[in-house]
Amino acid sequence: MDTRIKLFQGDITFLLVDAIVNAANTSLLGGGGVDGAIHRAGGQAILDECIAIRNKQGGCKAGEAVITTGGKLPATYVIHTVGPVWNNGKNQETRLLANCYRNSLQIAVENNIKTIAFPNISTGIYRFPKTDAAYIAVDVVNEFLANNTTLDQVVFVCYDEENFNIYKEILETV
Ligand code: AR6
């Protein structure tokens, strides 16, 4: 396991990192869960930038990612990615979730970001099974870091106890 991978339990909006990742939806206009928390804490600037992106490219597809500033957040940037809605594995959810992590890291590198924090994408309102999602997240990040020297820290932020315990076990044993 790459030693640049860290685990943190709590609210992602408090983190002082170069970028936090948002589990957004295809509209990019905000919602509940971590998306709601990020827009509330970051303020209007983030929404205005999301609207500008929408006007240019028409939202964001599942598995893809876009970047805005962090508005009033401690983080400099927010990378908005859209996780797949879990549908019993019938809609390429595994591939799409892996793309979320990979594309967010790619955007981070392109923007000279050194420290980045991820929530547990798709494991809330979108109902992706938590253990499967955690293995995908850890695998993709670890593989990406194996070919990267510019990132200093990738933090998995677990808000709920269940995800925290799953990640703790994976990161201790892998
Ligand atoms: N900090 C870190 N993690 C959080 C926070 C927080 N403040 N709040 C919730 N989580 P979800 P999804 C965790 O539902 O499943 C929105 O309406 C939460 O415990 O936020 O990808 C969007 O607009 C869970 O583990 O995102 C979309 O419509 C994880 O964040 C839809 O929900 C993801 O849960 C996306 O659903």
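Thresholds applied
- Chains are numbered independently. Their residues run from 1 in the order of the written sequence.
- It should be noted that, the model being predicted, local features are given only for residues of pLDDT at least 70 and side-chain atom pairs only at 80 or more, the latter also being counted only at that level, while totals for whole chains, interfaces and linings use all residues.
- Computation of side-chain values: all heavy atoms of the structure, hydrogens and water removed.
- For the purposes of this entry, the term helix denotes a DSSP run of H or I that reaches at least four residues, the term strand denotes a run of E that reaches at least two, and both are numbered from the N terminus.
- Exposure is judged per residue with a 1.4 Å probe applied to protein chains only, and the accessible area is read against the type maximum: over 50% gives exposed, under 20% gives buried, and values in between give partly exposed.
- Think of each axis as a best-fit line through the C-alpha atoms, taken over the contacting stretch in the case of a helix, with angles from 0 to 180 degrees between the N-to-C directions.
- Any angle from 65 to 115 degrees is called roughly perpendicular, while one under 35 is roughly parallel, one over 145 is roughly antiparallel, and all others are oblique.
- Handedness of each helix crossing follows the sense of rotation of the near helix against the far helix: counterclockwise by less than a right angle gives left-handed, clockwise gives right-handed.
- Every residue pair with non-hydrogen atoms within 4.5 Å of one another is taken to be in contact.
- Throughout this entry, Asp, Glu, Lys and Arg are counted as charged residues, while Ala, Val, Leu, Ile, Met, Phe, Trp, Tyr, Cys and Pro are counted as nonpolar. The remaining residues, Gly among them, count as polar.
- Proximity is defined per residue: if any heavy atom of the residue lies within 4 Å of a molecule or strand, that residue is considered near it.
- Polar contact is the term for a pair of N or O atoms within 3.5 Å; when the atoms are in protein, one must be able to donate a hydrogen and the other to accept it, and sequence-neighboring residues count only if both atoms are side-chain atoms.

A. Layout of the environment of L7. Assignment of secondary structure puts L7 in strand β1 (residues 5–9). Residue classification places L7 among the partly exposed residues on the basis of a relative accessible area of 28%.

B. Summary view of the packing of helix α4 (residues 130–146) against helix α5 (residues 161–173). Where α4 meets α5, the closest approach of the two axes is 10 Å, and the angle between their N-to-C directions is 45 degrees. Comparing their axes, α5 and α4 come out oblique. Pair α4 / α5 crosses with right-handed handedness. Mapping the contact onto sequence places K130, T131, A133, A134, Y135, A137 and V138 in α4 and E162, N163, I166, Y167, I170 and L171 in α5. Split into classes, the residues belonging to the contact of α4 with α5 amount to nine nonpolar, two polar and two charged.

C. Representation of the site of the ligand in the model. As a matter of local geometry, the ligand sits amid 22 residues, with N25, G32, V34, D35 and I125 nearest to it. Between the ligand and N25, the relevant distance is 2.7 Å, taken from an oxygen atom to a side-chain nitrogen or oxygen of the residue. Here N163 contributes a side-chain N or O atom positioned 3.3 Å from an oxygen atom of the ligand. Looking at the shell around the ligand, the elements that each hand over two or more residues are β2 (19–24) and α1 (33–42).

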